[in-house]
Amino acid sequence: MIVFPNAKINIGLNIIARRPDGYHNLETVFYPIKINDVLEVIEADELIFESSGISIPGDVNDNLCIKGYYLLKKDFPKLPPVKIHLHKNIPIGAGLGGGSSNAAFFIKLMNEKFELGLDADRMEDYARILGADCAFFINNKPVFAFEKGDEFEPVKIDLSAYKIVLVMPDAHVSTAEAYRGVKPAPVKETLYDLVQMPLADWKRHIRNDFEGHIFNAHPVIRGVKASLYESGALYASMSGSGASVFGIFKDTPDLSHLEESCQVFYDV
Ligand SMILES: C[C@](O)(CO)[C@H](O)COP(=O)(O)OP(=O)(O)OC[C@H]1O[C@@H](n2ccc(N)nc2=O)[C@H](O)[C@@H]1O
Ligand SMILES: Nc1ncnc2c1ncn2[C@@H]1O[C@H](COP(=O)(O)OP(=O)(O)OP(=O)(O)O)[C@@H](O)[C@H]1O
């Protein structure tokens, strides 16, 4: 069975408080975008993980698909071994939730392939264990997220009339690095209300709290955001913990001046 895990962007990201468990409470809006990996699972004699495309740093046993397999295996001991092939297109260290999406799609795939009978809520519960971003990808619809980013309220946002462009500069930011540098603060107005404003007003009201210190550490990312505004973006922001930056445009912009140093994904 083959599935196509997609990426997400964060529209707004406010880090509100540090939690006793070391994580942070936040507010964000997750919006799915059309940059996809390819994930194939077939039955095999032993558990095997292979990947192609962008190389994935770290130990194979830390791959979120393998972690997902062992998580399900604990509760479903009869699960047979599988061979997992992941073709990686979603940039890593990008704030696009690629690994998290792989984990959630792996759970959904296993549920369907082996008829585990899990409903969406139960799959979200498994996904939450693997990472804060993972649960969103179970339903994979635009949502306002709060707590660790793994509790949701539906939100009505439809950007289909616009062109979303995603730029990945030559910089990588790890999520842990991003959280280490941020000062949590309560919000004056909840993002849940702010995203209901007209898109033209987002620029003045909707922020990503990671941008300040990440832009200082990686000025190239600040430059990309400025370029997107200069090219006519109605709204532009770093996604999640970076390093990718998205712009929302009325019409597809000409970003050829960025293409030498950055990877540009049009109309995602
Ligand atoms: C930046 C975002 O992508 C925004 O959507 C997410 O908050 C990150 O979610 P994620 O990559 O799934 O995060 P996890 O893999 O669960 O955690 C990675 C590290 O990020 C930090 N972390 C993550 C989520 C959160 N609400 N508070 C945190 O402090 C913790 O230091 C944790 O050790
Ligand atoms: N399936 C996977 N795809 C990509 N990275 C994975 C995967 N499974 C585990 N990882 C690990 O996650 C790390 C990337 O996570 P990191 O949070 O730094 O980047 P990210 O792309 O911004 O992801 P996110 O937006 O989910 O936080 C990689 O270095 C890798 O070791």
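Counting restarts for each chain: residues are numbered from 1 in the order of the written sequence. Whichever chain is written first is A, and whichever ligand is written first is 1; the rest continue in order. At least 70 in pLDDT is required for a residue's local features to be given in this predicted model, at least 80 for side-chain atom pairs to be given and counted, and no such filter applies to totals for whole chains, interfaces and linings, which use all residues.

As annotated in an unreviewed UniProt entry, the protein chain carries the name 4-diphosphocytidyl-2-C-methyl-D-erythritol kinase and comes from Mucilaginibacter pallidiroseus. According to its UniProt record, the protein chain has this under Pathway (unreviewed entry): "Isoprenoid biosynthesis; isopentenyl diphosphate biosynthesis via DXP pathway; isopentenyl diphosphate from 1-deoxy-D-xylulose 5-phosphate: step 3/6." UniProt positions are given in the numbering used here, feature names are shortened, and annotations may be inferred rather than shown by experiment. On record in UniProt, under Sequence similarities (unreviewed entry), the comment for the protein chain is "Belongs to the GHMP kinase family. IspE subfamily."

Colleague: Talk me through the site of ligand 1; I want residue IDs and the actual numbers.
Modeller: Should the C-beta atom of a residue, placed from the backbone, lie within 6 Å of a molecule or strand, that residue is near it. Neighbouring ligand 1 are 20 residues; Y23, G131, A132, D133 and G240 lie closest to it. Elements represented by at least two residues in the shell around ligand 1 include exactly β2 (6–18), β3 (24–36) and α5 (175–180). Split into classes, the residues belonging to the shell around ligand 1 amount to seven nonpolar, eleven polar and two charged. By convention here, the domain bounds are inherited from an automatic or database domain assignment. Each of domain 1 (2–154) and domain 2 (163–265) gives at least three residues to the shell around ligand 1. Under the DSSP-based scheme used, a helix requires at least four consecutive residues in state H or I and a strand at least two consecutive residues in state E, with every element numbered from the N terminus. Note that Gly is not counted as nonpolar here; it falls among the polar residues with everything else outside the nonpolar set of Ala, Val, Leu, Ile, Met, Phe, Trp, Tyr, Cys and Pro and the charged set of Asp, Glu, Lys and Arg.

Colleague: Can you lay out the nonpolar core for me, pointing to particular residues and giving the numbers?
Modeller: Note that soluble globular proteins tend to have their nonpolar side chains buried in a common cluster. Formed by 71 residues in total, the largest nonpolar core has its most connected members in A103, I107, A127, L166 and V167. A domain-level breakdown of this core finds at least three residues from each of domain 1 (2–154) and domain 2 (163–265). This entry defines residue contacts through backbone-placed C-beta atoms, with two residues in contact when those atoms are within 7 Å. Contact partners of A127, with chain neighbours within four places excluded, come to A103, A104, I107, C134, A135 and I138. A set of buried residues qualifies as a nonpolar core if it consists of Ala, Val, Leu, Ile, Met, Phe, Trp, Tyr and Cys joined through C-beta atoms within 7 Å. Burial is judged by counting other C-beta atoms within 10 Å of a residue's own C-beta: 20 or more means buried, 12 or fewer means exposed, and anything between counts as partly exposed, with every C-beta placed from the backbone.

Colleague: Which residues make up the UniProt feature "domain: GHMP kinase N-terminal" (unreviewed entry) in the protein chain, and what are the values?
Modeller: Mapped onto this numbering, the UniProt entry annotates "domain: GHMP kinase N-terminal" (unreviewed entry) at residues 63–138. Along residues 63–138 one finds 55% helix and 9% strand; the C-alpha atoms at either end are 18 Å apart.

Colleague: Which residues make up the domain arrangement of the protein chain, and what are the values?
Modeller: Partitioning the protein chain into structural domains gives domain 1 (2–154) and domain 2 (163–265). Placing a centre on the C-alpha atoms of domain 1 and another on those of domain 2 gives a separation of 23 Å. Counting residues at the interface gives 24 residues for domain 1, matched by 31 residues for domain 2. Only β2 and β3 provide two or more residues apiece to the side of domain 1 that touches domain 2. Looking at which element gives the most residues to the side of domain 1 that touches domain 2, the answer is β2, with ten residues. Its residues placed into classes, the side of domain 1 that touches domain 2 shows 13 nonpolar, eight polar and three charged.

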